[in-house]
Amino acid sequence: MKTLTDSDKEHRLQAVQDALASAAREGQPISPEAAADLEACARGEITGDEVRRRIMARLQADPRYKGVTRS
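Residues numbered from 1 in each chain as written. Predicted model: local features only at pLDDT ≥ 70, side-chain atom pairs only at ≥ 80, totals over all residues. Heavy atoms only, no water.

Caption draft 1: Here's a closer look at the packing of helix α2 (residues 32–42) against helix α3 (residues 48–61). Interaxial distance between α2 and α3 falls to 9 Å at its minimum, and their mutual angle equals 170°. Taken as axis vectors, α2 and α3 run roughly antiparallel relative to one another. Two secondary-structure elements touch here, α2 through Glu33, Ala34, Asp37, Leu38 and Cys41 and α3 through Gly48, Val51, Arg54, Ile55 and Arg58. Among the residues making up the contact of α2 with α3, the classes are represented as five nonpolar, one polar and four charged. (Axes fitted to C-alpha atoms, helices over the stretch in contact; angles between N-to-C directions. Helix = DSSP H or I, 4+ residues; strand = E, 2+ residues; numbered from the N terminus. Parallel < 35°, antiparallel > 145°, perpendicular 65-115°, else oblique. Contact = heavy atoms within 4.5 Å. Nonpolar A, V, L, I, M, F, W, Y, C, P; charged D, E, K, R; others polar.)

This is the structure we're talking about:
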């Protein structure tokens, strides 16, 4: 993974905060767990692939989504 400068991290964290605020304004708030994953990615602590893996794992563990197939 590329080493991020403090400026890179600041810009990436601001982009995440902007996206979270936009989603909330549109009535689609992001879960605290997903928000934390996105912020960790913005800081360079995990990859985008890891964010996706974590989100998918939470969805698959959620009983509301049992029986839903992936296309």
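Caption draft 2: Expanded view of the environment of Thr3. Mapped onto the secondary structure, Thr3 falls in the segment before α1 (6–25). The sequence separation of Thr3 and Gly44 amounts to 41 residues, and the corresponding C-alpha distance is 7.5 Å.

Caption draft 3: Spotlight on α2. Looking at α2, one finds that the buried residues are Ala34, Ala35, Asp37, Ala40, Cys41 and Ala42. Summarising the contacts, the buried residues of α2 are in contact with α1 and α3. Looking at the residues trailing α2, positive phi occurs at Gly44, about 85°. (Buried < 20%, exposed > 50% of the residue type's maximum accessible area, 1.4 Å probe, protein only.)

Caption draft 4: Highlighting the pattern of salt bridges. Evaluation of the coordinates by the stated rule reveals six salt bridges. Of the charged contacts in the structure, one is a salt bridge between Glu50 and Arg54, with a shortest N-O distance of 2.9 Å. Here Glu50 and its partner Arg54 are both found in helix α3, four residues apart, which amounts to about one turn of the helix. Overlapping salt bridges, with partners in common, bring together Asp37, Glu50, Arg53, Arg54 and Arg58 in one network. (Salt bridge = Lys/Arg side-chain N within 4 Å of Asp/Glu carboxyl O.)

Shape descriptors only; they carry no functional weight alone.
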